[in-house]
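Structural features, examined
Each chain, letter by letter, is given below.
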Amino acid sequence: MALSETSKGVAYGLSAYVMWGCFPLYFALFDGVPAWEVVIHRVLWSCVFLAVIVTFLKRWSPVKSALARPSKLGYVLGCAVLIAINWGVYIYAVESRQVLQASLGYFLTPLVNVGLGMLVLKESISRLQIVAVVLATIAILYQLFLLGVVPWITLVLAFSFGTYGLLRKQVALDGLSGLFVETLLLLPVGILALATLSYAGVSHFGGSTATTLLLLSSGIVTAVPLLAFAGAARRLRLSTVGFLMYINPTIQFLIALLVFSEPLSPEKLTSFVMIWVALAMYSWSAWVGRSRPKVQ
């Protein structure tokens, strides 16, 4: 029996978020390759692979339209820089076995989105959502004062991706076309960086066959979950996509504990629990408030 469009959407969404959740297993394979060098190749080969996909799907029209108006590319360039920072810090977190901090960052991202929407876009949110944002802030401050360290990986991942989402609201491009234009803007920097590494003789590309193939595959690994997510977004309500989103950091959290054996201190666990409670409050408020007016 043929699947309904909703069932297909759920399948696409699950596929996207499970793939994103398993990214630590993939990036852990880049043993000995600095995070920033992996980012260079991720930009290069993502751009190449996305160009093939855009051609196959005949989606060049929005790309050409965006490139024809250079004065409008400021937000896209901002998105490109933020996503490159996000990629670099995330890969560093995996390579340095700090995936717990990375997963906390992605758990925190929806609440950062709410906070930025309220502060920057002056969006109205419910009282319960305000409480959720405050609780998440307390969780971060709890780590800061109790552990004596700034959870910078968590904060950079959450705020870079949250701000990326904020800027993407100003860009009239779909996910696939948008990411392609973003990587296209970073392409000259990526090519220059790769040429510099090769000239200095420190590039890992072209060394071992396994590492070279991994670097080449980064474009496909970047684009495939995005295509699955696009398939889900076209078929599902935004609220459903939002709930599925928590699969990604949950899988990362489990991989950090069960595969990488990262230590989870009582203090860190308390921070996670506070974030989870805040997310539950936010999700409940978003669910029950779908048809209700929101207050300032």
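In this text, all values refer to a predicted model and were calculated from it rather than measured experimentally.

What to know about the pattern of salt bridges
Applying the stated criterion to the full structure yields one salt bridge. Two residues, Glu182 and Arg168, come together in a salt bridge whose shortest N-O distance is 3.5 Å. With Glu182 in helix α9 (residues 175–200) and Arg168 in helix α8 (residues 152–168), the pair connects residues that are 14 residues apart, well separated along the chain. Per residue, the accessibility class of Glu182 equals that of Arg168, and both read buried.

Digging into the side chain of Arg42
Here Arg42 shows up in helix α3 (residues 35–56). Sequence-distant contacts of Arg42, that is, excluding residues within four places in its chain, are made with Phe23, Phe27, Trp87, Ser218 and Thr222.

Some points on the confidence of the model for the protein chain
In this model, the protein chain carries a mean pLDDT of 85, and residues with pLDDT of at least 70 account for 94%. Looking across the protein chain, the model is least confident in helix α11 (residues 238–244), with a mean pLDDT of 69, and most confident in helix α2 (residues 23–27), with 95.

A look at α8
Counted at 1.5 Å a residue, the expected span for α8 with its 17 residues is 24 Å, and the 23 Å between its end C-alpha atoms agrees. Every buried residue of α8 is accounted for by Ile153, Thr154, Leu157, Ala158, Ser160, Gly162, Tyr164, Leu166, Leu167 and Arg168.

As for the side chain of Thr183
Mapped onto the elements of the fold, Thr183 is located in helix α9. Residue Thr183 is classed as buried on the basis of its relative accessible area, which comes to 2%. In terms of polar contacts, Thr183 uses its side chain to reach the backbone carbonyl oxygen of Phe180, at 2.9 Å. With residues near it in sequence (within four places) discarded, Thr183 still touches Val43, Ser46, Cys47, Leu50 and Trp87.

So, the environment of Gly21
Considering the arrangement of structural elements, one finds Gly21 in helix α1 (residues 5–21). We classify Gly21 as buried; its relative accessible area is 0%. Through-space distance from the C-alpha of Gly21 to that of Leu254 is 9.5 Å; in sequence the pair is 233 residues apart.

Things to note about helix α10 (residues 209–235)
Residue pairs three or four apart in sequence face the same way in an α-helix, which turns once every 3.6 residues. Here α10 spans 40 Å end to end across 27 residues, near enough to the 39 Å set by a 1.5 Å rise per residue. Helix geometry: α10 is bent most strongly at Ser217, by close to 35°.

Details of the packing of aromatic side chains
Taken as a whole and assessed by the stated rule, the structure comprises 19 aromatic pairs. Here Trp20 and Phe229 contribute two aromatic rings whose centre-to-centre distance is 5.8 Å and whose plane-to-plane angle is 50°, an arrangement assigned as tilted. One end of the pair, Trp20, is in helix α1; the other, Phe229, is in helix α10, and 209 residues separate them in sequence. An angle of 85° between the planes, with centres 5.4 Å apart, marks the rings of Trp60 and Phe180 as edge-to-face. With Trp60 in helix α4 (residues 60–67) and Phe180 in helix α9, the pair connects residues that are 120 residues apart, well separated along the chain.

Reading guide: rules and limits
- Residues numbered from 1 in each chain as written.
- Predicted model: local features only at pLDDT ≥ 70, side-chain atom pairs only at ≥ 80, totals over all residues.
- Heavy atoms only, no water.
- Salt bridge = Lys/Arg side-chain N within 4 Å of Asp/Glu carboxyl O.
- Helix = DSSP H or I, 4+ residues; strand = E, 2+ residues; numbered from the N terminus.
- Buried < 20%, exposed > 50% of the residue type's maximum accessible area, 1.4 Å probe, protein only.
- Contact = heavy atoms within 4.5 Å.
- pLDDT = per-residue confidence, 0-100.
- Expected span 1.5 Å × (residues − 1).
- Polar contact = N/O pair within 3.5 Å; in protein donor to acceptor, adjacent residues only side chain to side chain.
- Bend = angle between axes of the 7 residues up to and from the residue.
- Phe/Tyr/Trp six-rings, centres within 6.5 Å; stacked < 30°, edge-to-face > 60°.

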